[in-house]
Protein chains: 2
Amino acid sequence: MNSEVSVTVDVVIFALRDDDLQVLLVRRQHPPFEGLWAMPGGYVKPQESLEDAAARVLYDETSVRDVHIEQLYTFGEINRDPRGRVVTITYFALVPAPLVLDTSETRDAAWKSMYNLPTMAFDHHYILDYALKRLRYKLEYTAVGFQLLPPEFTLTKLQHAYETILGISLDKRNFRRRILQAGVIEETGRRTGGEGRPAMLYCFREDAVSEVKTRRLFP
Amino acid sequence: MNSEVSVTVDVVIFALRDDDLQVLLVRRQHPPFEGLWAMPGGYVKPQESLEDAAARVLYDETSVRDVHIEQLYTFGEINRDPRGRVVTITYFALVPAPLVLDTSETRDAAWKSMYNLPTMAFDHHYILDYALKRLRYKLEYTAVGFQLLPPEFTLTKLQHAYETILGISLDKRNFRRRILQAGVIEETGRRTGGEGRPAMLYCFREDAVSEVKTRRLFP
DNA sequence: CCAAAAGTGTTGAAACTACACCCATGG
DNA sequence: CCATGGGTGTAGTTTCAACACTTTTGG
């Protein structure tokens, strides 16, 4: 009954740092691909669901939990791992900016820019490309960008997040009109202090489904 | 290294029969869920990729190959199979109408309407619902409907296919305008005979990517 | 000539893009 | 009072939905 196929989960952990879209990678300590970078991952335990396994991997790397995690794709080519047959269910996680600790750089884990990736182990480069495509796609249609921001944020911050992820610049007025019209965020009443004119702080609307399929948000 | 987790693939095999969207199901001969219906599936062999496994399952059930197959989602809840921990990578396949043989009803396999499903084993009802959602979604944005039709088809047939799958009726003129404008099909020059005025036969354009993301094709 | 199905255009409404200036606050 | 970032409106264009009649063939 056992199919001699190992099952792992790998997690693409996204965060916005310094106006850059970054992923958390670990440097491999052992062959194969020793010294190269890889997505955090691990075997699925018999007593945990796939999503639990992904959450565990995320928590082990970042001490973060209860963030947006979503299944990406399952990879199972025969020779993707030279040690044997491994099927990997990949997830992507969106870690809100304030929870991104500088991940005690002890255990060879580091944030790397999605736009300047190091050489990756296995087929992980391919998987990351796919994850970026999916993130961009979801951003355009479903308004999931909040998940990378603090609970309260300004529209300008939100726009920057979108621009960073999509790799294009957006028109301020059109962006605001559309994102508000989509009805997924609302004013908190609070405002920022500091430089320049104070900005309204917005938050994600709890009663809005995060997966609303809006008409394309951006050009 | 072996994780004590079994890996299977299950395939949602879609076809259009009698102006109805149907799936090929098999009746279970043994416990658990003996006598209930299930999606065709099987263990992934160590020497085949996931997609190969899905193609094999499809071929075993239908003697059809080289059709559109696409990964759907991976299910791995702990108790979805009472016999043990099973992770299932699900695929969906679109079988063009003329290849749908009446599947020698010998081995307890049968086509069932998606709109009137029997009681299903495991979590298969849920999976089928998900597959339908995905198929509809893809249809709206990516023009994959051809895969369920013969190589040459009339616009009316194509429209019927869309209507059957989406469960709504569409305006003839708007449908034609949009589907042609999307540029994924072209005239063959041939026409139908038979009842009424002959209709132009169209075919899928080989040089068009089937996955073109068009602006929403339908309302 | 009649039944059956194919084919075709227009109009009003809504959505989209592009674009430039004034506003509120802190120092 | 000035530097900094926040905030707002419109016009021209494109896209969209709704809708009914004429054409071609076979029997």
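Preceding this paragraph is the structure being described.
The model shown is predicted, which means the values in this text are computed figures rather than measured ones.

Caption draft 1: Region of the structure containing the layout of surface pockets. When its volume is computed, the largest pocket comes out at roughly 2,000 Å³. L72, Y130, R134 and Y137 of chain A together with R134 of chain B are the residues nearest the centre of the largest pocket, which is lined by 50 residues in total. Mapped onto the lining of the largest pocket, the elements with two or more residues apiece are α1 (50-62), β5 (68-75) and α2 (124-142) of chain A together with α1 (50-62), β5 (68-75) and α2 (124-142) of chain B. With eleven residues, the single largest contributor to the lining of the largest pocket is α2 of chain A. Residue composition of the lining of the largest pocket, by class: 18 nonpolar, ten polar and 22 charged.

Caption draft 2: Looking closely at the pattern of salt bridges. This model, assessed by the stated rule, comprises 14 salt bridges over all chains. For R56 of chain B, the salt bridge identified is with E48 of chain B, shortest N-O distance 2.6 Å. Residue R56 of chain B is classed as partly exposed on the basis of its relative accessible area, which comes to 21%. E186 of chain B serves as the salt-bridge partner of R205 of chain B, at 3.9 Å between the closest nitrogen and oxygen. With a gap of 19 residues between them, R205 of chain B in the segment after β10 (200-204) and E186 of chain B in strand β9 (residues 185-191) connect regions that are remote in the sequence. Under the relative-accessibility criterion, R205 of chain B is labelled partly exposed at 25%. Through salt bridges with shared partners, a single ionic network connects E70, R134 and K138 of chain A.

Caption draft 3: Spatial organisation of unusual backbone geometry. Residues and elements named next belong to chain A. Residue P32 follows P31 across a cis peptide bond; omega there is -5 degrees. In this fold, P32 is placed in the loop between β2 (20-27) and β3 (37-38). For S63, which is not glycine, the phi dihedral falls at a positive 60 degrees. By the secondary structure assignment, S63 is in the loop between α1 and β5. When its relative accessible area of 53% is taken as the criterion, S63 is described as exposed.

Caption draft 4: Molecular detail of the sheet that holds β10 of chain B. Here we have three strands laid out as an open sheet, ordered β8-β10-β9 (chain B), and antiparallel in their pairing. Each edge of the open sheet carries a strand with a single partner, namely β8 (152-153) and β9 of chain B.

Caption draft 5: Up close: the environment of A15 of chain B. Residue and element names in this part refer to chain B. Here A15 shows up in strand β1 (residues 6-17). For the pair A15 and D123, spaced 108 residues apart in the sequence, the C-alpha separation amounts to 21 Å. In contact with A15, other than residues within four places in its own chain, are D20, L21, Q22, V95, V100, W111 and L148.

Caption draft 6: Region of interest: the protein's contact with DNA strand C. Lining the immediate surroundings of DNA strand C are 21 residues, of which R178 and R197 of chain A together with K172, R177 and M200 of chain B lie closest. The sugar-phosphate backbone supplies 37% of the atoms of DNA strand C found within 4 Å of the protein. A distance of 2.7 Å is found between a phosphate oxygen of DNA strand C and a side-chain nitrogen or oxygen belonging to R178 of chain A. The side chain of R197 of chain A places a nitrogen or oxygen atom 3.1 Å from a base oxygen of DNA strand C.

Caption draft 7: The arrangement of the pairing of β5 of chain A in detail. Residues and elements named next belong to chain A. Along β5, seven of the eight residues are buried, which leaves the element largely enclosed by surrounding structure. Judged from the seven bridges that link them, β5 and strand β6 (residues 86-94) form a sheet pairing that is antiparallel. Residue pairing in the sheet places I69 in a bridge with A93 of β6.

Caption draft 8: Up close: the packing of aromatic side chains. All names here are of chain A. Under the defined criterion, the tally for this structure stands at 16 aromatic pairs over all chains. Residue placement shows R65 over the ring face of Y59; its charged tip is 4.1 Å from the ring centre. Its end group placed over the ring of W37, K112 keeps NZ or CZ at 4.5 Å from the ring centre.

Caption draft 9: Up close: the protein's contact with DNA strand D. In the neighbourhood of DNA strand D, 21 residues make up the surrounding shell, with K172, G196, R197 and M200 of chain A together with R197 of chain B lying closest. Of all atoms in DNA strand D that approach within 4 Å of the protein, 37% are sugar or phosphate atoms. Within the side chain of K172 of chain A, a nitrogen or oxygen atom sits 2.6 Å from a base nitrogen of DNA strand D. Residues that form the surface near DNA strand D fall into these classes: five nonpolar, five polar and eleven charged.

Caption draft 10: Seen up close, the relation of the copies chain B and chain A. Superposition record for chain B on chain A: RMSD 0.1 Å, screw rotation 180 degrees, translation along axis 0.0 Å. Such a combination of turn and shift is consistent with a two-fold rotation axis. A shared binding surface is used by both copies, with 97% of the interface residues of chain B retained as interface residues in chain A.

Caption draft 11: How the structure looks around the interface of chain B and chain A. Opposite the 33 residues of chain B that make contact, chain A presents 32 residues. For the pair chain B and chain A, the interface holds ten residue pairs in polar contact (both at pLDDT 80 or more). When contributions to the side of chain B that touches chain A are tallied by element, the ones reaching two or more residues are β1, β5, β6 (86-94) and α2 of chain B. Across the side of chain B that touches chain A, the residue classes break down as 15 nonpolar, eight polar and ten charged.

Caption draft 12: Quick peek at the nonpolar core. Counting 50 residues, the largest nonpolar core has Y91 of chain A together with Y91 of chain B as the members making the most contacts within it. Contact partners of Y91 of chain A, with chain neighbours within four places excluded, come to V9, D10, V11, V12, L50, E51, A54, I69, E70, Q71 and L72 of chain A. Ranked by size, the runner-up nonpolar core spans 42 residues in total, among them L25, W37, M39 and A110 of chain A.

Caption draft 13: Looking closely at the side chain of D10 of chain B. Inspection of the secondary structure puts D10 of chain B in strand β1. In this structure D10 of chain B touches M39, P40, G41, G42, T88, I89, T90, Y91 and H124 of chain B, once residues within four positions along its chain are discounted.

Caption draft 14: Structural detail: α2 of chain A. Look at α2 of chain A: 26 Å from first C-alpha to last across 19 residues, which is about the 27 Å you get at 1.5 Å a residue. Within two residues after α2 of chain A, A143 of chain A carries a phi angle of roughly 65 degrees, on the positive side.

How each quantity is defined
- Residues numbered from 1 in each chain as written.
- Chains lettered and ligands numbered in written order.
- Predicted model: local features only at pLDDT ≥ 70, side-chain atom pairs only at ≥ 80, totals over all residues.
- Heavy atoms only, no water.
- 1 Å grid on protein atoms, 1.4 Å probe; cavity = no way out; pocket = protein on both sides within 12 Å on 5 of 7 lines; lining within 4 Å.
- Points joined across faces, edges and corners; volume = space filled by probe spheres on them.
- Helix = DSSP H or I, 4+ residues; strand = E, 2+ residues; numbered from the N terminus.
- Nonpolar A, V, L, I, M, F, W, Y, C, P; charged D, E, K, R; others polar.
- Salt bridge = Lys/Arg side-chain N within 4 Å of Asp/Glu carboxyl O.
- Buried < 20%, exposed > 50% of the residue type's maximum accessible area, 1.4 Å probe, protein only.
- Pairing = 2+ DSSP bridges.
- Contact = heavy atoms within 4.5 Å.
- Near = heavy atom within 4 Å.
- Polar contact = N/O pair within 3.5 Å; in protein donor to acceptor, adjacent residues only side chain to side chain.
- Phe/Tyr/Trp six-rings, centres within 6.5 Å; stacked < 30°, edge-to-face > 60°.
- Lys NZ or Arg CZ within 6 Å of the ring centre and 35° of its normal.
- Least-squares fit on C-alpha atoms with pLDDT ≥ 70 in both.
- Core = buried A, V, L, I, M, F, W, Y, C linked by side-chain atoms within 4.5 Å.
- Expected span 1.5 Å × (residues − 1).

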